There are 2 protein chains.
Amino acid sequence: MENFNFHVTTDIRFGKDRLSELPEVLNVFGKKVLLVYGGGSIKRNGLYDRVVQLLTDNGSTIVELSGVEPNPRIETVTKGAQLCRAHQIDVILAVGGGSVIDCSKAIAGGTFVEGDLWENLVLKRRYNGPALPLVTILTLAATGSEMNSGGVISNMATQQKLGMGGKNLLPKASFLDPTNTFTVNAYQTTAGSADIFSHLMENYFNATPGTDVQDGVAEGLMKTVIKNLPIALKDPENYDARANLMWASTLALNGLTGSGKQGTWSCHAMEHELSAFYDITHGMGLAILTPRWMAHILNDVTVPKFARFAKEVWGIQDENPEQAAKKGIQALYDFFLENGVPMTLPAVGIDTEKDFEKMAQQAVAHSTIATSAFVPLSEKDVVAIYQACMSESTFV
Amino acid sequence: MENFNFHVTTDIRFGKDRLSELPEVLNVFGKKVLLVYGGGSIKRNGLYDRVVQLLTDNGSTIVELSGVEPNPRIETVTKGAQLCRAHQIDVILAVGGGSVIDCSKAIAGGTFVEGDLWENLVLKRRYNGPALPLVTILTLAATGSEMNSGGVISNMATQQKLGMGGKNLLPKASFLDPTNTFTVNAYQTTAGSADIFSHLMENYFNATPGTDVQDGVAEGLMKTVIKNLPIALKDPENYDARANLMWASTLALNGLTGSGKQGTWSCHAMEHELSAFYDITHGMGLAILTPRWMAHILNDVTVPKFARFAKEVWGIQDENPEQAAKKGIQALYDFFLENGVPMTLPAVGIDTEKDFEKMAQQAVAHSTIATSAFVPLSEKDVVAIYQACMSESTFV
C-alpha cells in the first residue's frame, strides 16, 4: 500500500425529507446564492420550486445559471464565474448530477481566476487557489462529484474534455436524497450505474500490491450495484435500491477505493475522447469500452486480479485463473447488456473508425496511460480497443 | 436504509516516514501540547523520543500524561483535564491505541466541564460542549477511535465501563503509520483484530433493511482482516499486512459501516461488563462472546443474514441457509481460535459464574439491548450467553 492523505470534509446529509435543513447549511456562508442546474428536469419534478421557496423564505438572493450541459462546457463555466463576480455571490448551490456539480466546482474556483478560464484554470489541471463554497443537492447516482474535489470540463472548439480539481473545490455539504432520483429514466439510471462501476474498476485494476482494504470495499460496492441496478430499473421508486446506488456512487469516488494506490485510469482517458468527439453519454462509453479493455490487457501479470474480480464480485468458481478471468469479463459484459447498455459503438451512433487514430493520439497525450496505467497503453492499443467496440463481443 | 449524517473531518495521514509533518499539523492549534500515552511501549520502540525531539525542535512546550490504562479510567481523565487547565494547553497529542485516544477525547472535553467528570461528562454519554483539539499517532490497529468521536471510560469504583462521545471530540488529524505497529505482540495483534472484526459484525448483524453498501463494505473489511491477521502474526514486520489491518480498523468504525442503520450493538454491551468486572482484554472478550451470541440468536428471522455472512465473508457454499449460517459461526470461532484467542472465559481467568447475573443486569441497564438489539436480549439471554462461554463450543 502506498502512503496517502484522506481528508474528505463534505457534510453528507443522506436521506429523504431533509431539504428543510438547506437554509441553515447555506446561511453559514451567506445569503447571495448562485443556483446552478441543468436542463430543467428539476423544474418538472418539483425540486426547483421547493428549493426556490425555501431560499425565498430564508431571505436569500438567488442568481440562476441554468442549462449546464451533460458534458459541461467551458463557456458555461465562464458565464457562471462572471455571474459570481457581478453579483458578489457568497455560495454556489448545485442542483443536479455530476455535470452540474463539476461545472459548479469550476465556477467556484474560476471566480477567482483572471483571464481565459480554459487556459488559466482547466488546462492547469490542479487548482490550489481560493474558491467559493459549494453545496450540492444530488439528483443522479453516477459521478461521485458530490464528495470529491475533481471535475471534468469540455471544450468543443478544441475537442478536449479534461479533468481538473483542487481541495478547495470539495463541496462543503451535499444533500443525498434518493427520492430525487425516482424520476431518472432507465437510460440515465443505467449510464450512472455504469459510471459508478467504472470508477470502482479503474481503482481496482491497479498494480499497487497489498491493497485489500481498498479492493474489498470496491468489491462490496460493485456487488451493491449489481444487485440494486436491476431493482431500480424495474421499480424506479424503490427507495432502498435508489439509496444504495446513490451512496455507492459517492463512496466509489471519494478516495476510499483509490487512496493508497498509484497509477492512472485507463478507460476514462479513452472514453473522454469518445465524448469529446461525439458527445455520447459518459457512462455508456465506459461500459462499452471496459470489457474490451480488460480482454486486451489480460496477461500472465494481470490474470490474478481478474480472477479475484471474477470470484469475489461475480461468484465465479473456476480453478483455472485464465478461464475465471474470462468468465468475469463476460459476466460484466452481460450485466451491462441485460441492463440496457448499447454495447457497441455503432449502437451509440459512432459507426466509423475515421477518428480513432486522432482520438487515440489525444487519449495518450492528455493522460499518462502510456506510462502508468495498470497495463501501459500505446496509441496502437487504444485504436485496437476502439476497434473491438465496433461489434458485439464474446470473451469465453 | 435509514437517514444519516456522515461528516468525518479527520485529516488522515497514512503511511510511513511522515512524522516530520507533525509540527505543522500541531502548530495550527498552538505550541502548548499535552502528550498523552500509555505504559511506555513507545519509549521502548523509539517513537516517544522521535516525537519529543520533533516538538522540542519546533519550540513546543510539552506537558506529559503517561500511564493511561488499557481500559482508561476516570481518574486519569480528571488528571489530564487538570493538566490542560493548569498549563493552558492548546492541543492534545495522543500517542497510542484506542485507550490512549479515548482517554484523550474525554480530557479534550473534560477540560471545559466543571465538577466531577464521571457525573458531568461520562454519565451524560453525549457531550456537545467545547473541546481542545486532538491529534493522534496510532500505535495499534483496533478500536477505530482515531477517526470517530466516541470513547469508552471505566470507573473501577462503580464497576462501570461506559461509552461517551460528541462531534467536537473527533480527532482533527491522525497519523496512521503501519510501522508503529511492527512491535505489537501477537496477543495484542489478535485482540485488536478481534475488536475490528467485532465492530464490523455489530454493525452488520442489524435489522435495518436495504443496506447493501454498508454490508458490502463490512464484508470487504472482514475479508481483509481474515487474510491479513495471520500474515501479521507470522511476519510482524510485513508492512502491507499491518497497513491493511490499520486502515481496516479505522474504516470499521468511522461511520461507513454503521451509518444508515438503526439499533444497538449486542456484544459490546455484554463485553463491557466482563471488562468492568474482570479487567480482561476487550478484543478477547468480544471474540469469546460473539460466536455464542450468534448461535443464541439464530432463528428464522436472522438466518438469511447469517447465511449471507457465511457465503460472502467465508466463501461457504451451502444451499441450506441454516446449515450455512452454522458453518459461518463455526468458521468465525475457528478463525479466532487459530489466531490465538483463548476462546473460553476460564481461559482468560474468569472461572466462576458468580457475577453473571449482576453483569447481565448491568449490561441490560447500561444499554438498549433489551429493546433495540438485532435480536432483543433479556438478562436471562445474557446469562445464557455468558454461560455458553464457560467451555469450548461446536456449532455445526
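Residues numbered from 1 in each chain as written. Chains lettered and ligands numbered in written order. Predicted model: local features only at pLDDT ≥ 70, side-chain atom pairs only at ≥ 80, totals over all residues. Heavy atoms only, no water.

**Brief notes about the overall build of chain A**
Check the secondary structure of chain A and you find 16 helices and 9 strands. For a compact globule of 396 residues, the expected C-alpha radius of gyration is about 21 Å, and chain A comes in at 20 Å, within 12% of that figure. When its C-alpha atoms are laid out on the principal axes, chain A stretches across 65 × 45 × 45 Å. Out of the 396 residues belonging to chain A, those deemed buried represent 63%. Considering only intrachain contacts with a sequence separation of at least 6, the fraction spanning at least 24 residues in chain A is 79%. Carbon and sulfur atoms form 49% of the exposed surface of chain A, whose accessible area is close to 14100 Å². Across chain A, the mean location of the 32 positive side-chain charges is 4 Å away from that of the 42 negative side-chain charges. (Helix = DSSP H or I, 4+ residues; strand = E, 2+ residues; numbered from the N terminus. Rg over C-alpha atoms; globule rule 2.2 N^0.38 Å. Buried < 20%, exposed > 50% of the residue type's maximum accessible area, 1.4 Å probe, protein only. Contact = heavy atoms within 4.5 Å. Areas by Shrake-Rupley, 256 points an atom, 1.4 Å probe, with all protein chains shown as cover. Lys, Arg positive; Asp, Glu negative; His and termini not counted. Charge placed at Lys NZ, Arg CZ, Asp CG, Glu CD.)

**Re the domain arrangement of chain A**
All names here are of chain A. According to the domain assignment, chain A contains domain 1 (11–181) and domain 2 (186–388). Computed from C-alpha atoms alone, the centre-to-centre distance between domain 1 and domain 2 is 26 Å. Taken residue by residue, the interface counts 28 residues in domain 1 and 28 residues in domain 2. Of the roughly 2300 Å² buried between domain 1 and domain 2 on both sides combined, carbon and sulfur atoms contribute 58%. The largest per-residue losses of area from domain 1 upon contact with domain 2 belong to Ala141, Gln159 and Lys161, which jointly make up 26% of the total buried on that side. Across the domain 1-domain 2 interface, the total number found is 2 salt bridges. Among the salt bridges present, the one from Arg73 reaches Asp279, with a minimum N-O distance of 3.4 Å. Our count for the domain 1 to domain 2 interface comes out at 10 residue pairs in polar contact (both at pLDDT 80 or more). Mapped onto the side of domain 1 that touches domain 2, the elements with two or more residues apiece are strand S2 (11–14) and strand S8 (160–165). Sort the elements by how many residues they give to the side of domain 1 that touches domain 2 and S8 lands first, with 3 residues. (Domains from an automatic or database assignment. Buried area = accessible area lost by both parts, 1.4 Å probe. Salt bridge = Lys/Arg side-chain N within 4 Å of Asp/Glu carboxyl O. Polar contact = N/O pair within 3.5 Å; in protein donor to acceptor, adjacent residues only side chain to side chain.)

**With respect to the relation of the copies chain B and chain A**
Between chain B and chain A, the superposition needs a rotation of 180° and an axial shift of 0.0 Å, giving an RMSD of 0.0 Å. A rotation of that kind, with that shift, is consistent with a two-fold axis. (Least-squares fit on C-alpha atoms with pLDDT ≥ 70 in both.)

**As for empty space enclosed by the protein**
Taken as a whole and judged by the stated rule, the model has 2 cavities of 30 Å³ or more. By volume, the largest cavity is sized at about 70 Å³. Every residue along the wall of the largest cavity is listed here: Leu140(A), Ala141(A), Thr181(A), Val184(A), Gln188(A), Thr189(A), Ser193(A), Arg242(A) and Leu245(A). Those elements that provide at least two residues to the lining of the largest cavity are helix H7 (186–204) and helix H9 (239–252) of chain A. Top element by residues in the lining of the largest cavity is H7(A). It accounts for 3 residues. Residues that form the lining of the largest cavity fall into these classes: 4 nonpolar, 4 polar and 1 charged. In this structure, the second largest cavity encloses a volume near 60 Å³. Lining the second largest cavity are Leu140(B), Ala141(B), Thr181(B), Val184(B), Gln188(B), Thr189(B), Ser193(B), Arg242(B) and Leu245(B). (1 Å grid on protein atoms, 1.4 Å probe; cavity = no way out; pocket = protein on both sides within 12 Å on 5 of 7 lines; lining within 4 Å. Points joined across faces, edges and corners; volume = space filled by probe spheres on them. Nonpolar A, V, L, I, M, F, W, Y, C, P; charged D, E, K, R; others polar.)

**Structural notes on unusual backbone geometry**
Even without glycine at this site, Asp279(A) takes up a positive phi of about 55°. Relative to the assigned elements, Asp279(A) resides in the loop between helix H10 (267–278) and helix H11 (282–297). Of the residues examined, Asp279(A) reaches a relative accessible area of 37% and is grouped as partly exposed. Here Gln88(B), not a glycine, exhibits a phi torsion of approximately 45°, which is positive. Residue position: Gln88(B) is located in the loop between helix H4 (74–86) and strand S5 (91–96).

**What about the UniProt feature "domain: Fe-containing alcohol dehydrogenase-like C-terminal" (unreviewed entry) in chain A?**
Within this structure's numbering, the places UniProt gives as "domain: Fe-containing alcohol dehydrogenase-like C-terminal" (unreviewed entry) are residues 190–389 of chain A. The annotated region residues 190–389 of chain A carries 67% helix and 0% strand content, and the separation between its end C-alpha atoms amounts to 19 Å. (UniProt positions renumbered as here; feature names shortened; annotations may be inferred.)

**A short note on the packing of helix H8 (residues 212–234) of chain B against helix H12 (residues 303–314) of chain B**
Residues and elements named next belong to chain B. Close contact between H8 and H12 brings their axes to 9 Å; oriented N to C, the two are set at 50°. If you check the angle between H8 and H12, you find them oblique. As H8 runs across H12, the sense of the crossing is right-handed. Within the contact between the two elements, H8 uses Asp212, Asp215, Gly216, Glu219, Met222, Lys223 and Ile226 and H12 uses Lys305, Arg308, Phe309, Glu312, Val313 and Trp314. (Axes fitted to C-alpha atoms, helices over the stretch in contact; angles between N-to-C directions. Parallel < 35°, antiparallel > 145°, perpendicular 65-115°, else oblique. Left-handed = near helix turned anticlockwise from the far one by under 90°.)

**Thoughts on the environment of Ile89(A)**
All names here are of chain A. Tracing the chain through its elements places Ile89 in the loop between helix H4 (74–86) and strand S5 (91–96). Considering only alpha carbons, one finds Ile89 and Thr76, 13 residues apart in sequence, at a separation of 16 Å. With residues up to four places along the chain from it excluded, the contact list for Ile89 reads Lys32, Val33, Leu34, Val63, Leu83, Cys84 and Leu132.

**Focus: the pattern of salt bridges**
All names here are of chain A. Under the counting rule described, the total for this entry stands at 30 salt bridges over all chains. With a closest N to O distance of 2.9 Å, Arg13 and Asp11 form a salt bridge. We note that Arg13, like Asp11, is buried. Where Asp355 meets Lys354, a salt bridge forms, and the shortest distance between an N and an O atom there is 3.0 Å.

**Looking at the nonpolar core**
Counting residues in hydrophobic clusters, the biggest one holds 245 residues, and the most contacted among them are Phe197(A) and Phe197(B). The contacts of Phe197(B), once residues within four sequence positions are left out, are Met222(B), Val225(B), Ile226(B), Phe309(B), Val313(B), Trp314(B), Leu332(B), Phe335(B) and Phe336(B). (Core = buried A, V, L, I, M, F, W, Y, C linked by side-chain atoms within 4.5 Å.)

**Some points on the sheet that holds strand S9 (residues 173–176) of chain B**
One open sheet accounts for 7 strands, arranged S1(A)-S2(B)-S9(B)-S6(B)-S5(B)-S3(B)-S4(B); its pairing is mixed. Looking at strand neighbours, the two that pair on one side only are strand S1 (4–6) of chain A together with strand S4 (61–65) of chain B, the edges of this open sheet. Within this sheet the neighbouring strands show an average axis-to-axis angle of 20°, counted without direction. The pairing of S5(B) with strand S6 (residues 134–138) of chain B spans 5 bridges and is parallel. Directly across from Val95(B), in S6(B), lies its bridge partner Ile137(B). (Pairing = 2+ DSSP bridges.)

**A short note on the packing of aromatic side chains**
Overall, the coordinates contain 40 aromatic pairs over all chains when judged by the stated rule. Between the aromatic rings of Tyr204(B) and Phe205(B), the centroid separation amounts to 5.2 Å while the plane-to-plane angle is 90°, which identifies the pairing as edge-to-face. Both residues of the pair, Tyr204(B) and Phe205(B), count as buried. Taken together, Phe197(A), Tyr204(A), Phe205(A), Trp293(A), Phe306(A), Phe309(A), Trp314(A), Phe335(A), Phe336(A) and Phe374(A) form an aromatic cluster joined through their ring pairs. The ring of Tyr48(A) is capped by Lys43(A), whose NZ or CZ atom sits 4.6 Å from the centre of that ring. (Phe/Tyr/Trp six-rings, centres within 6.5 Å; stacked < 30°, edge-to-face > 60°. Lys NZ or Arg CZ within 6 Å of the ring centre and 35° of its normal.)

**Looking at the sheet that holds S2(A)**
With mixed pairing, the 7 strands of this open sheet are ordered in space as S4(A)-S3(A)-S5(A)-S6(A)-S9(A)-S2(A)-S1(B). Each edge of the open sheet is held by one strand with a lone partner, namely strand S4 (61–65) of chain A together with strand S1 (4–6) of chain B. Mean inter-strand twist for the sheet, computed between neighbouring axes without regard to direction, equals 20°. Bridge analysis of strand S6 (residues 134–138) of chain A against strand S9 (residues 173–176) of chain A gives 4 bridges, and the strand direction is parallel. Looking at the pairing, Leu138(A) lines up with Leu176(A) of S9(A). Sitting on the sheet, H4(A) touches strand S3 (32–36), S4 and S5 of chain A, and the angle it makes with S4(A) is about 160°.

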